[in-house]
Amino acid sequence: MFFLQPSDLDAIFLSFKVACVATLLATPLGIGVAYLLVYSRLPGKAIIEGFVNLPLVLPPVVIGYLLLVLFGRHGWIGAWLIRFDIQIIFTLTGAIIASAVVGFPLLVRSVRLGMESIDTSSSKAARTLGASAWDAFFTITLPLSSRAVLAGMTLMFARSLGEFGATIILAGNIPGVTQTIPLAIYEYTSSPGGDRMALSLCLVSILLSFVVLLASGAASKSLERK
């Protein structure tokens with residue numbers, strides 16, 4: 001049986017909001033980076049790949065601290081944003097950035113695998129017939145890798161739902177503002193008698209994960225029929 005308080009519903013809503021916005025904002029960039037890694041011949045491509053995959057090997061707390069240094073009042077980006085009265089730390093925007101950075105490698109890896117499996121003869125034939133690189137990308141490469149893009153978006157969305165370490169460092173744990181499901185569970189487990197509420201949110205998190213996986217599977221089958 002679920003025992004949810006209004007603050008828990010806020011945490012669930014914020015988790016969905018953060019995951020959706022982070023995934024939607026990161027997807028175009030993820031597709032572009034994956035395309036660059038697959039089809040370009042840049043000499044520093046290995047460095048770019050290593051930098052993209054860095055959040056997979058670093059602890060999320062380290063990622064959060066680096067983002068805090070970057071977006072803090074005296075950081076490289078934060079000091080510039082403060083001139084326009086824009087604050088990132090301890091805001092919902094900070095939670096979105098933290099989730100996007102941590103989940104971005106999963107998106108790129110999935111899209112890259114999809115693009116690498118495409119037969120390049122179709123794109124070469126299109127270019128031979130006069131199509132531009134953009135036309136070949138939007139009419140051949142992107143449609144053929146659509147299932148990989150969807151899979152990457154699903155992985156990133158699920159990862160964003162469960163993001164904790166980077167979020168609590170950059171955005172804090174502010175109820176109704178930046179407190180997502182993992183942060184609410186952490187707060188309950190740190191409070192006397194909060195085990196029941198934490199368990200309720202754990203069950204909600206598991207249920208949401210199943211829903212995301214089922215929706216992704218249904219969308220993949222739909223794309224496969226097309």
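Quick note: structure is the one above.
Structure report, in brief. The residue numbers shown here count from 1 along each chain, following its written sequence. Local features in this predicted model are restricted to residues of pLDDT 70 or higher, and side-chain atom pairs are both shown and tallied only at a pLDDT of 80 or more, whereas totals for entire chains, interfaces and linings draw on every residue. Note that water and hydrogens are dropped before the side-chain values are worked out from all heavy atoms of the structure.

So, on to the overall build of the protein chain. Only DSSP runs of H or I with at least four residues qualify as helices, and only runs of E with at least two residues qualify as strands; both kinds are numbered from the N terminus onward. Helix and strand counts for the protein chain come out as 11 helices and 0 strands. Mapped in sequence order, the helices and strands of the protein chain form the string α-α-α-α-α-α-α-α-α-α-α. Each principal axis of the C-alpha atoms in the protein chain carries an extent, and together these give about 70 × 45 × 30 Å. Buried residues are those whose accessible area, probed at 1.4 Å on protein chains only, stays under 20% of the maximum for their type, while exposed residues exceed 50% and partly exposed ones sit between those limits. Per-residue burial for the protein chain yields a buried fraction of 40% across its 226 residues. When contacts within the protein chain are restricted to residue pairs at least 6 apart in sequence, those whose partners lie at least 24 apart make up 73%. Here the protein chain displays about 12,800 Å² of accessible surface, and carbon together with sulfur accounts for 68% of that area. The sign given to each residue is positive for Lys and Arg and negative for Asp and Glu; His and the chain ends receive no count. Charge placement uses NZ in Lys and CZ in Arg. For Asp and Glu, CG and CD serve respectively. Here the protein chain contributes 15 positively and 11 negatively charged side chains, and the mean placements of these two sets differ by 9 Å. We call two residues in contact when some of their heavy atoms are within 4.5 Å. All accessibility values rest on the Shrake-Rupley procedure with a 1.4 Å probe; residue burial counts only the protein chains present in the view.

As for its position among the elements, Thr 27 is in helix H1 (residues 6-39). Thr 27 sits in the buried class, given a relative accessible area of 10%. Once residues within four sequence positions are removed from consideration, Thr 27 is found in contact with Leu 107, Val 149 and Met 153.

Grid spacing is 1 Å over the protein atoms alone, the probe is 1.4 Å, and a cavity is where that probe fits but cannot get out, while a pocket is an open set with protein on both sides within 12 Å along at least five of seven lines and lining residues have an atom within 4 Å of a point. Grid points are joined across faces, edges and corners, and a volume is the space filled by probe spheres set on the points. By volume, the largest pocket is sized at about 640 Å³. Around the largest pocket, the lining is made up of 21 residues, and of these Phe 51, Leu 67, Ala 100, Val 101 and Phe 104 lie nearest the centre. Listed by contribution, the elements that provide at least two residues to the lining of the largest pocket are H1, helix H2 (45-57), helix H3 (60-71) and helix H5 (92-116). Here the element with the most residues in the lining of the largest pocket is H5; it accounts for 7 residues. Residue composition of the lining of the largest pocket, by class: 20 nonpolar, 1 polar and no charged. Ten residues, namely Ala, Val, Leu, Ile, Met, Phe, Trp, Tyr, Cys and Pro, are considered nonpolar, four, namely Asp, Glu, Lys and Arg, are considered charged, and the remaining ones, Gly among them, are considered polar.

On to the pattern of salt bridges. By definition here, a salt bridge exists when the distance from a side-chain nitrogen of Lys or Arg to a carboxyl oxygen of Asp or Glu is within 4 Å. Evaluated as defined, the whole model comprises 3 salt bridges. Notably, a salt bridge pairs Glu 49 with Arg 112, separated by 2.5 Å at the nearest N-O pair. Separated by 63 residues along the polypeptide, Glu 49 in helix H2 and Arg 112 in helix H5 bring together distant segments of the chain. Accessibility expressed as a relative area gives 27% for Glu 49, which makes it partly exposed. The partner of Arg 159 in a salt bridge is Glu 163, with the nearest N and O atoms 3.2 Å apart.

Before going further, it helps to spend a moment on the environment of Gly 114. Within the secondary structure, Gly 114 sits in helix H5. Exposure remark for Gly 114: the relative accessible area of 10% places this residue in the buried category. A C-alpha to C-alpha distance of 5.0 Å links Gly 114 and Ala 148, two positions 34 residues apart in sequence.

Attention shifts here to empty space enclosed by the protein. A water-sized probe rolled over the atoms picks out the places where empty space is left. Considering all chains together, one arrives at 1 cavity of 30 Å³ or more under this definition. Forming the walls of the largest cavity are Phe 71, Gly 72, Arg 73, Gly 78, Leu 81, Ile 82, Ile 86, Gln 87, Ile 88 and Ile 89. Residue composition of the lining of the largest cavity, by class: 6 nonpolar, 3 polar and 1 charged.

Before going further, it helps to spend a moment on the nonpolar core. Val 33, Phe 104, Leu 107, Val 108, Val 111, Met 115 and Met 156 are the most contacted members of the largest nonpolar core, which has 22 residues in total. Among the secondary structure elements, those contributing two or more residues to this core are H1, H5 and helix H8 (146-161). No other element matches the 9 residues that H5 contributes to this core. Discounting residues that sit within four places of it in the chain, Leu 107 has contacts with Ala 26, Thr 27, Gly 30, Val 149, Gly 152, Met 153 and Met 156. Residues Ile 181, Ala 198, Val 204 and Leu 208 belong to the second largest nonpolar core, which totals 11 residues. Only buried residues count toward a nonpolar core, which is a set of Ala, Val, Leu, Ile, Met, Phe, Trp, Tyr and Cys residues joined through side-chain atoms within 4.5 Å.

A word on the packing of aromatic side chains. Aromatic ring pairs are described here by two measures, namely the spacing of the ring centres and the angle between the planes. Stacked, tilted and edge-to-face are the three classes assigned to paired rings of Phe, Tyr and Trp, where Trp is represented by its six-membered ring and a pair needs centres within 6.5 Å; plane angles under 30 degrees give stacked, over 60 edge-to-face, the rest tilted. In this structure the tally under the stated criterion is 7 aromatic pairs. Judged by centre distance (5.0 Å) and plane angle (80°), the rings of Phe 137 and Phe 138 are edge-to-face. Taking relative accessible area as the criterion, Phe 137 reaches 10% and is therefore assigned buried. On the accessibility criterion, Phe 138 (49% relative accessible area) is partly exposed. Ring pairing ties together the aromatic residues Tyr 35, Tyr 39, Trp 134, Phe 137 and Phe 138, which thus form one cluster.

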